[in-house]
Amino acid sequence: MLNNKKYVVTVFALLLAMCFTFGCVKANDQVINTEDKVNSQELTTDNSKSDIMTINLQEDNTKVEETEKEDIKGTFDTSVVDGVYKYSENKLSSYLPFVRFATGRIIIDKEISNNGFNFSSQAIEVNAKTKGVQILFSSDTIRINAPMEYGVIFANGNVIIDSDIDRSLVVFSTGTVTVTEKAKLSEDLLCICTNLEIKGTVEGSVIGSVESANITGKINKDLRGTYNNITFSANDNVAKNIYINTYNEKLNIKEKYPNAVLNVLKVETTNEFSFAKIMNMIFTSLILALLYLLINKVSKKQAFETVLNKVKANPVMVILSGTVMLLASIPLTFLLIMISVFGLWMIAIPILLVYIVALIIIYILMNFIIGSIMYTYIKNKYLKEGGVGTDILGTFCIFLLLNVLVKIPLIGGYILLALYILATGCIFTIIFSKKK
């Protein structure tokens, strides 16, 4: 948003230009005589002064613009606000990608023409036209009430599309995604959500993973994806093909769409404690026990002692760092990908690769990390006199127990997640905490 000073300077320059124009017209209409020559000289002098003043005003404008440009430092035009953020009340770069963080609502009430990120812990409302790629993260509802070119939406709530979208729209929502009667999507809608309501028009295809969908509007191309429940208001809601994967054996859309392809998926129950899997767990636990002995011998029994001491000294850091690193994996990955798109791939791609590879390695070695720390603690407290045989048997039992726990139905998934968080936090703590 321009300063008041710039508005005053612009109006003053326009007034001077108008005065200059009227003065020239009047001089041309008069008969040239001696007095007119004097007047012409005066007019010329005045015009020269006016030109000088105009140049000075232009220089002032340039200085104001340069000052505004100097206010933005860093790679992006970034702003963090504690409360509600309104674009009409804040400055925005005319060409830089921007990032906005707000603890309150974000209201886009000014036209935007450059790419940007919006992060809000509350709702986001788009009430003005936007161009470029707009990426919206919200812990609540997101409403699109004005035309948008490209949109990528993440909402821990509902998403309401109530305007035209010029290009494809990508939506991730834990609630309901609604395309209202006034909305028109010129290309495709890609969505992952709980419920989908299409009342308007989608010129392209709708591709998604949806629990329940209600189609009363118009899809001019295909409907594809995984849907457990679908209802149509007529037999012409979808103009072309329908390809549906579903776990609902009772889903029937053949009455209105006889050419639809319906693939019923079956949930296969697997026996996690079959003979082959039990033997695999025993063999894996034995390999991990031997690996523990090898590392313990090479490090002269200092490696796991150091790890245990750091973990015991920083228990809060272990839990918090592990939780944060896992929760931040999806948004951080997406953010680094977008940064690479903007031209900083030499920085973003190596960071992304290191981050992903680290999480994968930790997941693979999760049982070994937690099991080794557990056995080292037990040995120091209860088995100080134990030898190599005790170490083999103890580590083998610990690793086998962890393998069995993560395979228990219903609770195994929660145990696996807890172990992954602890293992990630342990590695973070080992690397970044100081030895006391």
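Computed from a predicted structure; not experimentally measured.

Asks: Honestly, the overall build of the protein in this entry has me stumped. Any pointers?
Replies: Helix and strand content of the protein: nine helices and 21 strands. Looking at the protein as a whole, 38% of its 436 residues qualify as buried. Long-range contacts, defined here as pairs at least 24 residues apart, represent 24% of the contacts in the protein between residues at least 6 apart. Summed over all atoms, the accessible surface of the protein reaches about 25,100 Å², with 62% contributed by carbon and sulfur.

Asks: What is the right way to look at the pattern of salt bridges in this model?
Replies: Within the structure shown, the criterion is met by seven salt bridges. Across the pair E125 and R105 runs a salt bridge whose closest N-O atoms are separated by 3.2 Å. Of this pair, E125 sits in strand 6 (residues 124-126) while R105 sits in the loop between strand 3 (98-102) and strand 4 (106-108), and the two are 20 residues apart along the sequence. Its relative accessible area of 21% is what places E125 among the partly exposed residues. Judged by its relative accessible area of 30%, R105 is partly exposed. A salt bridge links E203 to K184; the nearest nitrogen and oxygen atoms lie 3.7 Å apart. One end of the pair, E203, is in the loop between strand 16 (201-202) and strand 17 (206-215); the other, K184, is in strand 14 (residues 184-185), and 19 residues separate them in sequence.

Asks: Explanation requested: the pairing of strand 3 in the structure shown.
Replies: Looking along a regular strand, one sees the side chains alternate between the two faces of the sheet. For strand 3, the tally of buried residues reaches four of five residues, placing the bulk of the element in the interior. Pairing between strand 1 (residues 77-81) and strand 3: five bridges, direction parallel. Counterpart to S79 in the pairing with strand 3 is R100.

Asks: Just to check I follow, could you spell out the nonpolar core for this structure?
Replies: Grouped burial of nonpolar side chains is what soluble globular proteins tend to show. By size, the foremost hydrophobic cluster in this structure holds 48 residues, and its most contacted members are I153, L196 and L223. Of all the elements, strand 15 (residues 189-198) adds the most residues to this core, at five residues. By size, the runner-up hydrophobic cluster in this structure holds 29 residues, among which are A289, L326, L359 and C426.

Asks: What should I look at first to understand the confidence of the model for the protein in this one?
Replies: If pLDDT is low for a region, its predicted coordinates should not be looked at in detail. Looking at the protein, pLDDT values average 81 and 81% of them are 70 or higher. pLDDT under 50 marks residues 61-70. Its contacts with residues more than four places away, or in other chains, come to 10 contacts.

Asks: How should I be thinking about a nonpolar patch on the surface in this particular structure?
Replies: A cluster of nonpolar residues, I356, V357, I360, I361, Y363, I364 and L365, forms a patch on the protein surface that exposes about 620 Å² of accessible area. With respect to the element layout, I364 can be found in helix 6 (residues 329-364). Look at I364 and you get exposed, because its relative accessible area is 63%.

Asks: Help me out: how do you make sense of the packing of helix 5 (residues 315-327) against helix 9 (residues 412-432) in this one?
Replies: At a closest axis distance of 7 Å, the pairing of helix 5 and helix 9 adopts a crossing angle of 110 degrees. It follows from the interaxial angle that helix 5 and helix 9 lie roughly perpendicular. As helix 5 packs across helix 9, the resulting crossing turns out to be right-handed. Here M317, V318, I319, S321, G322, T323, M325 and L326 of helix 5 lie close against helix 9, whose contacting residues are Y420, I421, L422, T424, G425, C426, F428, T429 and F432.

Asks: Hey, could you run me through the pairing of strand 9 (residues 148-155) in this one?
Replies: When you tally the buried positions in strand 9, you get seven out of eight residues, the bulk of the element. Both strand 9 and strand 12 (residues 169-173) contribute to a ladder of five bridges, which runs parallel. Paired with A155 across the bridge in strand 12 is S173.

Asks: Would you take a moment to explain helix 4 (residues 303-313) for this structure?
Replies: Since there are 3.6 residues in each turn of an α-helix, residues three or four apart along the chain are aligned in direction. Along helix 4, the residues that are buried comprise F304, V307, L308, K310 and V311. Summarising the axial view, the buried residues of helix 4 lie within an arc of 165 degrees, below the 170-degree limit, and thus occupy one face. Buried positions along helix 4 lie against helix 3 (275-298), helix 5, helix 7 (366-382) and helix 9.

Asks: Would you take a moment to explain the environment of L419 for this structure?
Replies: Inspection of the secondary structure assignment puts L419 in helix 9. With 56 residues separating them along the chain, L419 and Y363 place their C-alpha atoms 9.1 Å apart. In this structure L419 touches M366, N367, I370, L402 and V406, once residues within four positions along its chain are discounted.

Asks: Would you mind showing me how to read unusual backbone geometry here?
Replies: Leaving glycine out, the prevailing phi sign among residues is negative, and the prevailing peptide bond configuration is trans. The phi dihedral of K300 is positive, around 60 degrees, even though this residue is not glycine. Mapping K300 onto the fold places it in the loop between helix 3 and helix 4. Although it is not a glycine, L410 sits at a positive phi angle of roughly 75 degrees.

Cut-offs applied
Residues numbered from 1 in each chain as written. Predicted model: local features only at pLDDT ≥ 70, side-chain atom pairs only at ≥ 80, totals over all residues. Heavy atoms only, no water. Helix = DSSP H or I, 4+ residues; strand = E, 2+ residues; numbered from the N terminus. Buried < 20%, exposed > 50% of the residue type's maximum accessible area, 1.4 Å probe, protein only. Contact = heavy atoms within 4.5 Å. Areas by Shrake-Rupley, 256 points an atom, 1.4 Å probe, with all protein chains shown as cover. Salt bridge = Lys/Arg side-chain N within 4 Å of Asp/Glu carboxyl O. Pairing = 2+ DSSP bridges. Core = buried A, V, L, I, M, F, W, Y, C linked by side-chain atoms within 4.5 Å. pLDDT = per-residue confidence, 0-100. Patch = residues over 30% accessible without salt bridge, like charges linked within 9 Å, V, L, I, M, F, W, Y side chains within 5 Å. Axes fitted to C-alpha atoms, helices over the stretch in contact; angles between N-to-C directions. Parallel < 35°, antiparallel > 145°, perpendicular 65-115°, else oblique. Left-handed = near helix turned anticlockwise from the far one by under 90°. Arc of directions from axis to C-beta.

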